[in-house]
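Tertiary structure, described
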Number of protein chains: 2
Amino acid sequence: MTEPITIAMDLGGTKIKLGLVQGGNILAQAQMDAYSDQGLRGRLPYIKQAIDELLDVERINVVDIAGLGISIPGIVDSRKKKVLSIDKKYGDAPGIDFTSWARASWGLPLILENDARAALVGEWQYGNGQGMENVVLMTLGTGVGTSAVIEGKVLRGSHYQAGILGGHFTVNVFGGRCNCGNMGCVEVESSSWSLEEKVKAQPLYAESKLKGEPKIDFAALFHWAEQKDPLALQMRDECLDVWAACAINLIHAYDPEVLLVGGGIMGSGAYILPYLQEKIHQLAWTPWGKVEVRAASSFDSAALLGAGYLVLHQN
Amino acid sequence: MTEPITIAMDLGGTKIKLGLVQGGNILAQAQMDAYSDQGLRGRLPYIKQAIDELLDVERINVVDIAGLGISIPGIVDSRKKKVLSIDKKYGDAPGIDFTSWARASWGLPLILENDARAALVGEWQYGNGQGMENVVLMTLGTGVGTSAVIEGKVLRGSHYQAGILGGHFTVNVFGGRCNCGNMGCVEVESSSWSLEEKVKAQPLYAESKLKGEPKIDFAALFHWAEQKDPLALQMRDECLDVWAACAINLIHAYDPEVLLVGGGIMGSGAYILPYLQEKIHQLAWTPWGKVEVRAASSFDSAALLGAGYLVLHQN
């Protein structure tokens, strides 16, 4: 039996990805800049246009589409299909009536889900989490996203925030204030949005090679650490230890067999995974055995595939 | 309908509590020193004797008992009724066949559960967690125990460690090594077992009133903080901030409406609860509303009641 086709949207902080999805396949896709700091409402007509173009090019009639699946950052009420709270990006999203927009645009039903949950569903159904009953995803990007499947069920919690706030667990009780309002979160201690400010506050910054960089991101940090720049080395190791603490907290919280790690940062550090694996094997308390650390298989498409899956299966 | 009677045992680090339990009532109880650093096997005959005495005094025949419920620290396989791993106390517990002991002693079936889970079940069914679908317990004692009920179900996870390791979430990535092997856990940063060593390592210790104390525990710490001893003030606030971070991490992890706080330490600090409540309201990311912080209702009996409940309801 062929699975029905769905329209999937992954509203990332920097890019919006759109796809026509059928099971584990993306039949066609498009991408546009997100300008997420300017809100989402103004992008909706461009998103509609891009999807209509995909349908045209693929010669797919909208009556053959099962529904629309949207993946978005923030805390999402997946029953009411509302964004409850979102941290900086797409600040106007809580006021948007996605159901009406999907109905008015294509006459289609809709699912709305947090992006890390959608990505985990994609990995779990079609990627490197296949066949697992207990799997946690940690994505290292602009922020740090997390989600959990426990005993074969996506963890949501009564207010839809269980599993997705691993980036906002306090890992440094004496640390700085996060965008979310909490202190010493994983994100404020180690993520793309907080890195530059942290690096510039270090005494070693004045004599670091990082000072010559137009943009201090993890690519620059990993590059200069390899060149033995003292500040870059120190900050890289601190960031890796923060991610390891995040991973261990997720393991202690959700009891998975597999930890999937994805996100934009994975491209710039070939030894992130082995480092995390080693720390987890040293430090996590898992008497049943060792949690396996794996790269997410297809981070670019996982949220699209997951959003498509959720249109058809209200797991 | 009257509930059947069960035998309940709460194997604490310092005291072993025994009870005959019927629903939310403890018909009779007894208590003995645990000597948990000497293991559990040698205590089993004394436990049997004490239970037999309770049955005698209450004139209850063992044929009228529905089963035996045991609450014990550590990671517990509640299906196989085995202790998988235990941190210091009762080091021999993983080798004990509780099922055979219960059968040989009284011919009774058995349930075995982690102590924080048993206590939460007691609170949830009979105490201050009644009627809640989403509730987390944090107990501040020798260690820091936690457990969670999510959407009306006790969280266990596939390897029985989900929910109960909140005391071993890293809250200080630059902190010291915990008994469990991990770094900067809540327990090593703030619990009864770690307090004395932490206090003695402080530069202010030489001139602190705490130096005159025979035993540096939280009672002493709270007492001298009230007297404005500088070290006691500093350490009290640090410990409270660690527990607040623990509470916030539990809220971010499990999405409860109510956080119950119990444990031996609650006796010595009337402002622990208001402090936690204020920090949580300031710092936790819960757009749906405010998590309510409540004292556990009957911490002395919650684990007994929960163990009794679990004999009758394999939740």
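Everything below is about the structure printed above this text.
All of the points below concern the structure found in this document. A quick note: this is a predicted structure, and the numbers were derived from the prediction, not measured. (Residues numbered from 1 in each chain as written. Chains lettered and ligands numbered in written order. Predicted model: local features only at pLDDT ≥ 70, side-chain atom pairs only at ≥ 80, totals over all residues. Heavy atoms only, no water.)

Before going further, it helps to spend a moment on the environment of Gly262 of chain A. Its place among the elements puts Gly262 of chain A in strand β11 (residues 258-262). Separated by 57 residues in sequence, Gly262 of chain A and Tyr205 of chain A have C-alpha atoms that sit 29 Å apart. (Helix = DSSP H or I, 4+ residues; strand = E, 2+ residues; numbered from the N terminus.)

Each copy superposes on the other: chain A lies on chain B with an RMSD of 0.0 Å after a rotation of 180 degrees and an axial shift of 0.0 Å. On the angle and the small slide along the axis, the relation comes out as a two-fold axis. Of the interface residues in chain A, 98% have counterparts in chain B that sit at the interface too, so the contact is made through matching surfaces. (Least-squares fit on C-alpha atoms with pLDDT ≥ 70 in both. Contact = heavy atoms within 4.5 Å.)

Another aspect to go through is the interface of chain A and chain B. Each partner contributes residues to the interface: chain A has 48 residues there, and chain B has 47 residues. Together chain A and chain B conceal approximately 4000 Å² of surface at their shared face, both sides included; 61% is due to carbon and sulfur atoms. At the boundary of chain A and chain B, one finds zero salt bridges. At the boundary of chain A and chain B, one finds 26 residue pairs in polar contact (both at pLDDT 80 or more). For the side of chain A that touches chain B, the secondary-structure elements that each account for two or more residues are β6 (82-85), α7 (230-254) and α8 (272-283) of chain A. In terms of residue count, α7 of chain A provides more of the side of chain A that touches chain B than any other element does, ten residues in total. Looking at the side of chain A that touches chain B residue by residue, the class counts come to 24 nonpolar, 16 polar and eight charged. (Buried area = accessible area lost by both parts, 1.4 Å probe. Salt bridge = Lys/Arg side-chain N within 4 Å of Asp/Glu carboxyl O. Polar contact = N/O pair within 3.5 Å; in protein donor to acceptor, adjacent residues only side chain to side chain. Nonpolar A, V, L, I, M, F, W, Y, C, P; charged D, E, K, R; others polar.)

Quick look at the sheet that holds β11 of chain A now. Two strands in a sheet stick together by hydrogen bonds in their backbones, pointing the same way (parallel) or opposite ways (antiparallel). All names here are of chain A. Strand order in this open sheet of five strands is β10-β9-β8-β11-β12, and the pairing throughout is mixed. In the strand order of this sheet, the two ends are held by β10 (153-154) and β12 (292-295), each with one partner. Relative to β10, strand β9 (residues 144-150) is paired through two bridges, and the arrangement is antiparallel. Its bridge partner being in β10, Val149 is matched across the sheet by Val154. (Pairing = 2+ DSSP bridges.)

This part is about the packing of aromatic side chains. Across all of its chains, the model carries twelve aromatic pairs over all chains by this definition. Between Phe218 of chain A and Phe222 of chain A, the aromatic rings sit 6.4 Å apart at their centres with planes inclined by 45 degrees, giving tilted as the arrangement. In this pair, Phe218 of chain A and Phe222 of chain A are both assigned in helix α6 (residues 218-226), four residues apart and thus about one turn of the helix distant. Residues Phe218 of chain A and Phe222 of chain A agree in their burial class; the two are buried. When the centroid spacing of 5.0 Å and the interplanar angle of 45 degrees are considered together, the rings of Phe218 of chain B and Trp243 of chain B count as tilted. Pair noted here: Phe218 of chain B is in helix α6 (residues 218-226) and Trp243 of chain B is in helix α7 (residues 230-254), with a separation of 25 residues, a long-range link. Residue Phe218 of chain B is classed as buried on the basis of its relative accessible area, which comes to 2%. (Phe/Tyr/Trp six-rings, centres within 6.5 Å; stacked < 30°, edge-to-face > 60°. Buried < 20%, exposed > 50% of the residue type's maximum accessible area, 1.4 Å probe, protein only.)

All names here are of chain A. Assignment of secondary structure puts Leu204 in the loop between α5 (192-200) and α6. A C-alpha to C-alpha distance of 47 Å links Leu204 and Gly131, two positions 73 residues apart in sequence. When near neighbours in sequence (up to four residues on either side) are disregarded, Leu204 contacts Pro230, Leu231 and Gln234.

Glancing now at the packing of helix α1 (residues 44-58) of chain A against helix α2 (residues 98-106) of chain A. Residue and element names in this part refer to chain A. Between α1 and α2, the shortest axis-to-axis distance is 12 Å and the interhelical angle comes to 45 degrees. Taken together, the axes of α1 and α2 are oblique relative to one another. Handedness of the crossing formed by α1 with α2: right-handed. Residues Leu44, Ile47, Lys48, Ile51, Asp52 and Leu55 of α1 pack against Trp101, Ser105 and Trp106 of α2. By residue class, the composition of the contact of α1 with α2 is six nonpolar, one polar and two charged. (Axes fitted to C-alpha atoms, helices over the stretch in contact; angles between N-to-C directions. Parallel < 35°, antiparallel > 145°, perpendicular 65-115°, else oblique. Left-handed = near helix turned anticlockwise from the far one by under 90°.)

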